[in-house]
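Here is what each chain is made of, one letter per residue.
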Amino acid sequence: MDDTAGKAGLDSATAARLLGSDGPNCLPAGERRNWRRIASEAAREPMFLLMATAALLYLLLGELREGLFLCGMVGVTLGLTLYQEGKTERALEALRELSSPRALVIRDGQRSAIDSRALVCGDLLVLAEGDRIPADCQLIEGSGLHTDESLLTGEAQAVAKAVGAEGGADGADALHGGTLVVRGHGIASVTATGARSQIGRIGASLQALRPERSPLQRETARLASGFALLGLVLSLLLVLLYGIEHGNWSQALLAGIALAMSMLPEEFPVVLAVFPALGARRLARQHVLTRRLGAIETLGAVSVLCVDKTGTLTENRMAVAALYVPGQVLAVDQAVPVVLSGAFRELADHAVLASAVHPYDPMEQAFHRLAGAQPQAAGATLLREYGLNPSLRAMTQVWQGKAGDPCVVAAKGAPEAIVALCGLDDSERLATLAAADAMAARGLRVLGVAGAHFSGTAWPDDARGFDFRFLGLAGLADPLRAGIPEAIGQCHAAGIRVIMVTGDYPATASCIATQAGLPAATALTGEQLAAMNQQQLAARLESVSVCARIDPQQKLRIVQALKADGAIVAMTGDGVNDAPALKAAHVGIAMGQRGTDVAREAAAMVLLDDRFSSIVQAIRGGRRIYGNLRKSMAYIISMHAPIAGMALLPVLLGWPPLLYPMHIVFLELIIDPACSLVYENEVEEADVMCQPPRLPTAPLFGMRAMVLALAQGMGALLVVLAAYGWARSAMPEDAARAFAFTTLMSANLALIMANRSRSLGIIASLRTPNPVLWLVAASALLLLAAALYLPWLAAVFRFAPLSLAHFVAAMGCGFASLLWLELLRPLWRAGGKK
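Within any chain, residue numbers begin from 1 and follow the written order of that chain's sequence. It should be noted that, the model being predicted, local features are given only for residues of pLDDT at least 70 and side-chain atom pairs only at 80 or more, the latter also being counted only at that level, while totals for whole chains, interfaces and linings use all residues. Water and hydrogen atoms were dropped before computing side-chain values, which therefore reflect all heavy atoms in the structure.

**So, the pairing of strand β15 (residues 445–454)**
For each residue, the accessible area found with a 1.4 Å probe, counting protein chains only, is set against the maximum for its type, and the residue is called buried under 20%, exposed over 50%, and partly exposed in between. A run of DSSP states H or I qualifies as a helix once it reaches four residues; a run of E qualifies as a strand once it reaches two. Both are numbered from the N-terminal end. Within β15, 8 of the 10 residues are buried, which leaves it mostly tucked inside the rest of the structure. Whether two strands pair depends on DSSP finding at least two bridges between them. The pairing of strand β14 (residues 407–413) with β15 spans 7 bridges and is classified as antiparallel. Within β15, the residue paired with Lys412 across the bridge is Val449. In this sheet, strand β16 (residues 469–477) lies alongside β15 in antiparallel orientation, the contact comprising 7 bridges. Looking across to β16, one finds that Gly451 is bridged to Arg469.

As structure tokens, then:
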């Protein structure tokens with residue numbers, strides 16, 4: 001039947017007008033960064049201000065070439081920043097596009113699929129089984145519509161909806177955005193969109209919570225501030241000393257600016273932006289989307305991983321594995337066709353009668369596969385349904401068969417609820433619950449089934465009003481995903497505790513945990529958790545690997561207790577009520593296949609395939625990023641030592657200055673891609689998943705690492721200083737500057753190679769492929785050749801061309817620093833494991 005007949009819906013013009021006035025149907029989002037905002041932020045960075053100041057000073061002194069060159073470099077650097085930041089913003093926008101579902105509406109009398117963000121109040125939504133409801137609406141036509149509101153309310157049972165039911169916004173005709181149609185079909189009129197919907201109001205409340213800065217972001221901010229302050233003090237002293245001694249205050253100011261630029265670690269924010277952005281691109285290929293880039297390096301420090309059972313550790317593909325009727329147990333082998341008869345046939349038929357005709361739920365699909373022919377198809381009509389509720393965790397459906405025959409009543413639900421419905425005596429109850437425990441101990445999800453007949457005319461208000469007869473139990477297997485034990489083993493080898501957090505029966509959860517390789521001697525239940533304070537919970541969690549019968553609100557308490565105990569916590573979740581826990585965790589991971597927009601907005605990462613193995617790969621990627629970030633930081637600090645030293649020492653020794661602002665900018669063109677692209681592209685160390693997580697209080701760059709990096713740089717500084725001292729006595733000033741600068745450039749390349757690997761020597765690391773390294777090295781040599789041998793560019797840099805012999809000698813001097821760097825490697829190798 002065409003349910004569109006007689007329903008024109010909104011016309012396109014009205015819909016467009018309402019969309020313009022009400023805004024899009026999407027969750028509240030933070031302020032977007034356009035190119036103007038990015039440019040404004042970049043222009044306020046200290047490095048940009050120093051470059052602009054130096055350019056202006058050159059222009060005021062009449063040195064047009066130097067001034068215009070620096071102005072050009074300001075533009076180039078700003079352009080690169082806009083490209084990099086814009087690319088990140090476009091990637092995040094693409095993620096928001098991916099998370100926006102489609103909606104089937106009636107407009108202009110025709111059905112059409114539109115972006116759900118274009119929905120407006122008054123739109124007619126066509127809903128069918130399996131649809132995610134994109135906005136709050138009111139059911140105006142439907143048949144047997146049931147929705148899964150667990151993502152909104154925490155209740156796992158489907159809720160029946162009826163046309164024309166009273167009760168206002170919470171009535172049985174009210175449908176809420178973010179919930180799922182699990183049975184039936186219908187047409188609904190949209191009543192609220194975006195932030196005005198119930199799910200939108202929850203999403204809006206989350207905007208008041210600011211996500212934590214990652215530990216690395218806080219640490220690098222402290223490092224950068226310390227270097228910047230030291231550079232400012234030394235620059236002011238240099239300006240005063242040079243100005244007082246030589247009386248040339250303009251040159252003193254240029255020398256001071258060059259020293260400030262040489263000591264300003266502007267690469268720190270660059271690597272913290274580039275490493276996570278490129279890492280996010282790699283993780284996307286492994287089915288992990290990153291919403292907050294700063295969470296990637298934090299993921300590598302995770303010490304506790306809290307994961308769901310269903311769909312993450314298991315496949316969420318149910319199959320009936322065992323049936324129980326009083327006194328008998330039947331094992332069901334999926335590989336062998338089973339013929340049911342007698343009590344087992346009746347049990348299977350009533351399990352189907354208590355399910356949807358065309359089921360969406362994997363559990364109900366399993367009952368249909370077991371029963372084969374559908375009892376509902378034999379002319380039966382569904383007359384009434386009694387949904388699950390907190391006081392009775394069972395679902396009941398009433399069917400009318402042939403005229404004059406009594407109605408058939410079928411119920412299925414939690415074993416204890418079915419036992420209560422049937423009024424079993426103590427011995428029957430104990431035997432039934434013992435059978436349920438035995439099934440659960442095998443990792444099966446257990447449901448009870450009951451049946452009754454009804455011939456009256458007045459329906460009871462509650463399913464308890466029927467005279468039920470206990471029919472038996474059904475145990476459903478949800479197989480463990482392939483590779484889970486291996487992935488759990490990788491986590492344990494990496495020093496990461498894995499805690500299963502599930503709403504399942506404790507015995508079932510413990511069995512699945514054992515299969516997965518988790519120690520599951522004792523499970524912490526939601527009832528036990530509710531009786532504990534936070535201190536008791538934190539102490540209990542130290543020895544727990546399974547939390548069962550946990551509701552979404554209790555997940556937040558688990559996260560808070562683990563964090564209070566000093567753990568770096570990653571938490572998975574899919575529902576609206578999971579959002580606070582996802583927000584509170586250091587790394588919140590939302591499920592992409594079964595999660596809501598609110599959960600995705602609260603989480604730092606989205607798991608597209610809902611697989612546990614993808615989380616483990618993300619942790620490996622996070623550790624790789626942290627290791628490479630540490631190598632990059634070592635290179636940055638070691639390279640700034642000879643640059644700052646050669647900006648300061650020649651002036652103090654009474655030699656002609658070696659480095660001016662244009663030289664610093666030139667070096668930054670090499671350092672920036674080296675510290676970001678080269679090191680980001682390095683493979684992880686072989687033992688990356690055999691090391692314990694970094695302690696939350698451990699610095700990225702402690703005193704030992706700082707001393708080793710500075711020792712690397714001081715070795716290079718001595719080589720360059722000696723080269724400049726010799727060159728001054730052997731050639732003119734501009735040629736000596738070119739010789740020393742070439743030595744500095746080759747020392748820079750040596751430092752890049754020396755910091756590539758903690759465990760491998762320089763020669764061995766050259767066999768590790770990294771095409772970006774050779775691209776950067778080739779580009780550096782080409783740029784150096786241009787600066788030396790193009791007359792107009794050499795004039796800007798105050799260079800004189802070098803002979804081939806002098807060029808080779810300068811390059812050799814720089815690479816000679818590799819000998820010193822190799823002597824330091826054993827100390828670095830030992831320090832890298834701390």
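**Focus on the packing of aromatic side chains**
Centres within 6.5 Å are what make two rings of Phe, Tyr or Trp a pair, Trp counting through its six-membered ring; a difference in plane orientation under 30 degrees is then read as stacked, over 60 as edge-to-face, and the rest as tilted. Applying the stated criterion across every chain yields a total of 11 aromatic pairs. Pairing Phe741 with Phe799 gives two aromatic rings, centres 5.3 Å apart and planes at 45°, and the pair type is tilted. Taken together, the positions of Phe741 in helix α25 (residues 733–754) and Phe799 in the loop between α28 (791–797) and α29 (804–832) put the pair 58 residues apart, joining distant regions of the chain. A residue is classified by how much of its surface remains accessible, and Phe741, at 0% relative accessible area, is buried. Ring centres of Phe797 and Phe799 lie 5.6 Å apart, and the angle between their planes is 20°; this geometry places the pair in the stacked category.

**Some details on the side chain of Ser817**
Structurally, Ser817 can be placed in helix α29. Assessed through its relative accessible area of 3%, Ser817 is described here as buried. Polar side-chain contacts of Ser817 include one of 2.6 Å to the backbone oxygen of Gly814. Beyond its immediate stretch of four places on either side in the chain, Ser817 contacts Ala716, Val719, Ala747 and Ala750. Whenever two N or O atoms come within 3.5 Å, that pair is a polar contact, provided that in protein one can donate a hydrogen and the other can accept it, and provided that, for residues adjacent in sequence, both atoms are side-chain atoms. We call two residues contacting when some pair of their heavy atoms lies within 4.5 Å.

**Here's the deal with the pattern of salt bridges**
Here, a salt bridge means any Lys or Arg side-chain nitrogen found within 4 Å of an Asp or Glu carboxyl oxygen. The full count for this structure, using the stated rule, is 16 salt bridges. A salt bridge links Glu682 to Arg756, with the shortest nitrogen-to-oxygen separation between them at 2.5 Å. Taken together, the positions of Glu682 in the loop between α23 (661–680) and α24 (703–730) and Arg756 in the loop between α25 and α26 (762–765) put the pair 74 residues apart, joining distant regions of the chain. The residues Glu682 and Arg756 share a single accessibility class, namely buried.

**Some thoughts on the sheet that holds β16**
Here we have 7 strands laid out as an open sheet, ordered β11-β10-β16-β15-β14-β13-β12, and antiparallel in their pairing. Edge positions in the sheet fall to β11 (328–331) and β12 (381–386), since each of these pairs with one other strand and no more. Mean inter-strand twist for the sheet, computed between neighbouring axes without regard to direction, equals 25°. Working convention: axes come from line fits to C-alpha atoms, limited for helices to the stretch in contact. Angles between N-to-C directions cover 0 to 180 degrees. Here helix α12 (residues 362–371) sits on the sheet in contact with β10 (319–325), β14, β15 and β16, set at roughly 70° to β10.

**Concerning the environment of Gly401**
Following the sequence through the fold, Gly401 ends up in the loop between β13 (394–400) and β14. Assessed through its relative accessible area of 36%, Gly401 is described here as partly exposed. Here the alpha-carbon distance between Gly401 and Ala380, two residues 21 residues apart in the chain, equals 4.5 Å.

**Quick notes on the nonpolar core**
Most often, soluble globular proteins have nonpolar side chains that are buried together. Counting residues in hydrophobic clusters, the biggest one holds 131 residues, and the most contacted among them are Leu305, Phe612, Tyr635, Leu659, Phe701 and Phe797. Among the elements that make up this core, the one with the highest residue count is helix α22 (residues 612–652) (18 residues). Those residues in contact with Phe612 that lie beyond four places of it in its chain are Leu305, Val307, Thr312, Leu313, Ile484, Ala487, Ile488, Cys491 and Val498. Only buried residues count toward a nonpolar core. Its members are Ala, Val, Leu, Ile, Met, Phe, Trp, Tyr and Cys residues joined through side-chain atoms within 4.5 Å. Judged by nonpolar contacts, the second largest core, of 31 residues, contains Ile418, Leu421, Ala452 and Phe454.

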